[in-house]
Amino acid sequence: MYAARGDHILAVELDAEGSTSLTLSRATPGAAYPAGLLGLALGTLGGWVLFGWASRRTAGRRTLVQGPAKVLYGVAMLFWTAPILLSAPLMLAHHLSEPHPRWHVPWEWLGQPTLSLPFLLGAVLLLLVPGVAALPHRRPAARPLAGAPGPAV
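Residues numbered from 1 in each chain as written. Predicted model: local features only at pLDDT ≥ 70, side-chain atom pairs only at ≥ 80, totals over all residues. Heavy atoms only, no water.

1. Details of the pattern of salt bridges
Phase 1 of the analysis: Enumeration over the complete set of coordinates arrives at one salt bridge.
Phase 2 of the analysis: The salt bridge involving Asp7 is made with Arg26; its shortest N-O contact spans 2.4 Å. Of this pair, Asp7 sits in the loop between β1 (2-5) and β2 (8-14) while Arg26 sits in strand β3 (residues 20-26), and the two are 19 residues apart along the sequence.
Phase 3 of the analysis: Taking the relative accessible area as the measure of exposure, Asp7 reaches 30% and is therefore partly exposed.
Phase 4 of the analysis: What makes Arg26 exposed here is its relative accessible area of 53%. (Salt bridge = Lys/Arg side-chain N within 4 Å of Asp/Glu carboxyl O. Helix = DSSP H or I, 4+ residues; strand = E, 2+ residues; numbered from the N terminus. Buried < 20%, exposed > 50% of the residue type's maximum accessible area, 1.4 Å probe, protein only.)

2. Concerning helix α4 (residues 116-133)
Phase 1 of the analysis: A rise of 1.5 Å per residue sets the reference length of α4, with its 18 residues, at 26 Å; its end C-alpha atoms lie 26 Å apart and thus fit the reference within 8%.
Phase 2 of the analysis: Those residues of α4 lying buried are Gly122, Leu125, Leu126, Val129, Pro130, Val132 and Ala133. End-on view of α4: buried residues confined to an arc of 160°, all on one side of the axis. Turned more than 90 degrees from where α4 packs its buried face, Leu117, Leu120 and Leu127 sit exposed. (Expected span 1.5 Å × (residues − 1). Arc of directions from axis to C-beta.)

3. Considerations on the layout of surface pockets
If you roll a probe as big as a water molecule over the atoms, it shows you where there is empty space left.
Phase 1 of the analysis: Reported here for the largest pocket is a volume of approximately 740 Å³.
Phase 2 of the analysis: Forming the walls of the largest pocket are 22 residues, and the residues nearest its centre are Thr28, Trp103, His104, Val105 and Pro106.
Phase 3 of the analysis: Those elements that place two or more of their residues in the lining of the largest pocket are β2, β3, α1 (32-58) and α3 (106-109).
Phase 4 of the analysis: Classifying every residue of the lining of the largest pocket gives 12 nonpolar, seven polar and three charged.
Phase 5 of the analysis: Taken as a whole, the second largest pocket spans an internal volume of roughly 320 Å³. (1 Å grid on protein atoms, 1.4 Å probe; cavity = no way out; pocket = protein on both sides within 12 Å on 5 of 7 lines; lining within 4 Å. Points joined across faces, edges and corners; volume = space filled by probe spheres on them. Nonpolar A, V, L, I, M, F, W, Y, C, P; charged D, E, K, R; others polar.)

4. A word on the sheet that holds β2
Phase 1 of the analysis: Spatially, the three strands line up as an open sheet ordered β1-β2-β3, and their pairing is antiparallel. Where the open sheet ends on each side, the last strands, each with one partner, are β1 and β3. Strand after strand, the sheet turns through a mean of 10° between neighbouring axes, direction not considered.
Phase 2 of the analysis: Where β2 and β3 come together, seven bridges link them in antiparallel fashion. Bridging from a neighbouring strand, Leu10 pairs with Leu24 of β3. (Pairing = 2+ DSSP bridges. Axes fitted to C-alpha atoms, helices over the stretch in contact; angles between N-to-C directions.)

5. Examining the environment of Ser55
Phase 1 of the analysis: Along the chain, Ser55 falls in helix α1.
Phase 2 of the analysis: Accessibility expressed as a relative area gives 45% for Ser55, which makes it partly exposed.
Phase 3 of the analysis: Sequence separation of Ser55 and Ala69 is 14 residues, and the distance between their C-alpha atoms is 8.6 Å.

6. Remarks on a nonpolar patch on the surface
Phase 1 of the analysis: Where nonpolar side chains cluster on the molecular surface, the patch consists of Leu117, Leu120, Leu121, Val124 and Leu128 and spans about 450 Å² of accessible area.
Phase 2 of the analysis: Among the structural elements, Leu117 can be located in helix α4.
Phase 3 of the analysis: By relative accessible area, which is 55% here, Leu117 ends up exposed. (Patch = residues over 30% accessible without salt bridge, like charges linked within 9 Å, V, L, I, M, F, W, Y side chains within 5 Å. Areas by Shrake-Rupley, 256 points an atom, 1.4 Å probe, with all protein chains shown as cover.)

7. Focus on the pairing of β2
Working note: regular strand, side chains alternate between the two faces of the sheet.
Phase 1 of the analysis: Both β1 and β2 contribute to a ladder of four bridges, which runs antiparallel. Along β2, the bridge assignment pairs Ala3 with Leu10.
Phase 2 of the analysis: From the end of β1 to the start of β2, which pair antiparallel, there are two residues, and Gly6 there has a positive phi angle of about 65°.
Phase 3 of the analysis: Counting the residues that bridge the hairpin from β2 to β3 gives five residues, and of these Gly18 lies at a positive phi of roughly 95°.

Now the structure itself:
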């Protein structure tokens, strides 16, 4: 049984064994949603700039530098998307099958904290990508333009 008044939510649950669970919580404040969207936008922009820099920095470099950066990024994205692909359908089915006065918090839809190890491994791999991109490299010597005078002899 769920009851709400103002921003307070009371949940009373009875299970088959006869035990009772009573929970009193507060509803999510309205400002949390725009703040979450702003955080998503800033995080997306920051990630785009950072990995755009890493891509630009590794472009045209030897395969020994460019290859690991691509592999690290690809494996990190796999580690990040796998928990979401596993947990989001389960959370949706859970919410549609039983009544909820409010939905579970967003990180549970992303598979957290249950599947936090793949997320942590993906974050470590993503931190290695800019490190690989920041490795020093030699720039090719500039070739003179066609028709430009050569060096004085």
